[in-house]
Amino acid sequence: MNKNIKIGNRVVGEDAPAFIIAEMSANHNMDFDRAVAILRAARDAGADAVKIQTYTADTITLDCDDPCFQLTQGTIWDGITLHKLYETAYTPWEWQPELKKTAEEMGLEFFSSPFDLTAVDFLEKMEVSAYKVASFEINDIPLIRRIARTGKPILISTGIAYMADIELALRTCREEGNEKVILLKCTSAYPAPYEEINLRTIPSMRETFDCITGLSDHTLGSAVAVGAAALGARVVEKHLTLRRSDGGADSAFSMEPEEFRDMVDQIRKVEAALGRVTYGLTPKTAREREHSRSLFVARDMRKGEVFTPENLRSVRPGCGLHTRHYEELLGKKIARDAKMGTPMSWELVDFDH
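Cut-offs used in this document
- Residues numbered from 1 in each chain as written.
- Predicted model: local features only at pLDDT ≥ 70, side-chain atom pairs only at ≥ 80, totals over all residues.
- Heavy atoms only, no water.
- Patch = residues over 30% accessible without salt bridge, like charges linked within 9 Å, V, L, I, M, F, W, Y side chains within 5 Å.
- Areas by Shrake-Rupley, 256 points an atom, 1.4 Å probe, with all protein chains shown as cover.
- Salt bridge = Lys/Arg side-chain N within 4 Å of Asp/Glu carboxyl O.
- Lys, Arg positive; Asp, Glu negative; His and termini not counted.
- Charge placed at Lys NZ, Arg CZ, Asp CG, Glu CD.
- Helix = DSSP H or I, 4+ residues; strand = E, 2+ residues; numbered from the N terminus.
- Phe/Tyr/Trp six-rings, centres within 6.5 Å; stacked < 30°, edge-to-face > 60°.
- Buried < 20%, exposed > 50% of the residue type's maximum accessible area, 1.4 Å probe, protein only.
- Contact = heavy atoms within 4.5 Å.
- Pairing = 2+ DSSP bridges.
- Core = buried A, V, L, I, M, F, W, Y, C linked by side-chain atoms within 4.5 Å.
- Expected span 1.5 Å × (residues − 1).

K.L.:
So what's going on with a negative patch on the surface? Which residues, and what values?
P.N.:
A cluster of acidic residues, D58, D63, D65, D66 and E87, forms a negative patch on the protein surface. Assignment of secondary structure puts D63 in the loop between α2 (57–60) and α3 (82–89).

Okay, structure coming up:
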């Protein structure tokens, strides 16, 4: 798989900053102006991209109230059918070209999760720069195959996937000649409990599947996203809304702009701190080493006196001999008078007696 993937004008890879995606999802609350305000908030909060979802209630499910179409799994949406949920949550398709244009004018990348083949065709006409395969679509092989054929980068969430599902999705992409795949560790619970996140899977996925990995996060707060960055996540996706109190299908587990900004800042600090593997010292820490321990004359001494634990000590700063010579010097005589606070040196040692 590719180790550096370009999404629009941004590079996603091991040596690039984490690619941070603000997921709009249903947080527009069916208001176009609010959708634009979310784009603006994403830009101001430091996001690299905004992602939307391209479906209608009829393209993602059936208008059926049989038991298997009822939401009863302990979700925040329990009590309605899938069709009714998606009727309130979808992003009108007629908005999407204008949202893309607006996002790009703001300097944001803009792409989407399609949920059926007609959505892929629609997004291809929009010339999106990438595609996201949502967790629940990882087993929709015809959809993944159609997306892979576009040749565009593909981000795949693994929220409900077994190992075999991930392998099949990746194999499908490869069969279509598409190696530009990014796997996102995801926990498909809304909000997701911290103890079910298992962030250590991110570096494991990178090694197991030989591809760029990241996080699609539904937890509350930024701790998990920042932790993922520390473990090498090259993509971080979080839902963004203007205010959770405004309501909406996804508001309960979405970030507000100030929280998103703080998350981005924390991720960038972690990236700066990760640096590289080194056992050397920077110029600043090399200067600080001057305050390390070394051997000093700890009492006024006259020529010929013997070094003892009372008059020879390991103290700060580091101007004297290395402390490894302490035992070697005990019992030897001083070669000349020395005041307390004199840095120990070989010139002070009388080797003739």
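K.L.:
Explain the packing of aromatic side chains to me, using residue names and the numbers behind them.
P.N.:
How two aromatic rings sit relative to each other is given by the distance of their centres and the angle of their planes. Here the structure, examined in full by the defined rule, presents six aromatic pairs. Geometrically, the ring pair formed by Y55 and Y86 is edge-to-face, given 5.4 Å between the ring centres and 75 degrees between the ring planes. With a gap of 31 residues between them, Y55 in the loop between β4 (49–54) and α2 and Y86 in helix α3 connect regions that are remote in the sequence. Each member of the pair, Y55 as well as Y86, carries the same accessibility label: buried. Plain terms: the ring middles of W93 and F122 are 4.9 Å apart, the flat faces sit at 35 degrees to each other, and that makes the pair tilted. Note that W93 is positioned in the loop between α3 and α4 (96–105) and F122 in helix α5 (residues 117–126), a separation of 29 residues in sequence. By relative accessible area, W93 is classed as buried at 18%. These aromatic residues form a ring-pair network of at least three members: Y55, Y86 and F115.

K.L.:
How would you summarise the environment of A169 if you had to cite specific residues and measurements?
P.N.:
Residue placement: A169 occurs in helix α7 (residues 163–175). For A169, a relative accessible area of 1% translates into the label buried. Taking C-alpha positions, A169 is 6.6 Å from I138, a pair spaced 31 residues apart along the chain. With residues near it in sequence (within four places) discarded, A169 still touches I138, I144 and I156.

K.L.:
If you had to explain unusual backbone geometry to someone new, which residues and values would you point to?
P.N.:
P191 follows Y190 through a cis peptide bond whose omega is -5 degrees. Relative to the assigned elements, P191 resides in the loop between β8 (181–186) and α8 (201–209). In this structure, P317 follows R316 across a cis peptide bond, with omega equal to 5 degrees. Among the structural elements, P317 can be located in the loop between β12 (312–315) and α12 (326–329). You will see that S25, though not glycine, has its phi angle at about 50 degrees, which is positive. For S25, the location among the structural elements is in the loop between β3 (19–23) and α1 (32–44). A residue is classified by how much of its surface remains accessible, and S25, at 4% relative accessible area, is buried. A positive phi angle, close to 55 degrees, is found at N29, a residue other than glycine.

K.L.:
Residues and numbers for the pairing of strand β2 (residues 10–13), please.
P.N.:
Direction of pairing for strand β1 (residues 4–7) relative to β2: antiparallel, over a ladder of four bridges. Looking across to β2, one finds that I7 is bridged to R10. Between β1 and β2, which pair antiparallel in sequence order, lie two residues; one of them, G8, sits at a positive phi of approximately 60 degrees.

K.L.:
Describe the nonpolar core, with residues and values.
P.N.:
Most often, soluble globular proteins keep nonpolar side chains buried together rather than apart. Counting 76 residues, the largest nonpolar core has L155, I156, I182, F260 and I267 as the members making the most contacts within it. The leading source of residues in this core is α1, at six residues. Among residues more than four places away in sequence, those in contact with I156 are V133, I138, A169, C173, V181, I182, L183 and L184. Grouped together as the second largest cluster of nonpolar side chains are 12 residues, L295, A338, M344 and V349 included.

K.L.:
So what's going on with the pattern of salt bridges? Residues and values would help.
P.N.:
Applying the stated criterion to the full structure yields 24 salt bridges. Ionic pairing is found between E105 and K101, a salt bridge with its closest N-O pair at 2.8 Å. Here E105 and its partner K101 are both found in helix α4, four residues apart, which amounts to about one turn of the helix. The class for E105 is exposed, based on a relative accessible area of 57%. K101 gets classed as partly exposed once you look at its relative accessible area, which sits at 43%. E271 serves as the salt-bridge partner of R234, at 3.5 Å between the closest nitrogen and oxygen. Here R234, found in the loop between α9 (223–230) and β10 (235–239), pairs with E271, found in helix α10 (residues 257–274); they are 37 residues apart in sequence, far enough to count as distant. By relative accessible area, R234 is classed as buried at 8%. Take E271: its relative accessible area is 17%, and that puts it in the buried class. Residues joined in a network through salt bridges with shared partners are R10, D48, E109, R234, R268 and E271.

K.L.:
Requested: an account of α10, with residues and values cited.
P.N.:
For α10, with 18 residues, the first-to-last C-alpha span of 26 Å sits near the 26 Å given by 1.5 Å per residue. Residues of α10 that are buried in the fold lie against β3, α1, α9 and β10. Phi turns positive one or two residues past the end of α10, at G275, with a value near 55 degrees.

K.L.:
Tell me about the environment of P153, and please be specific about residues and values.
P.N.:
Positionally, P153 belongs in the loop between α6 (141–149) and β7 (154–157). Taking the relative accessible area as the measure of exposure, P153 reaches 4% and is therefore buried. Between the C-alpha atom of P153 and that of N178, which follows or precedes it by 25 residues, the distance is 8.0 Å. Residues contacting P153, with those up to four places away along its chain left out, are I5, K6, I7, S129, A130, Y131 and K180.

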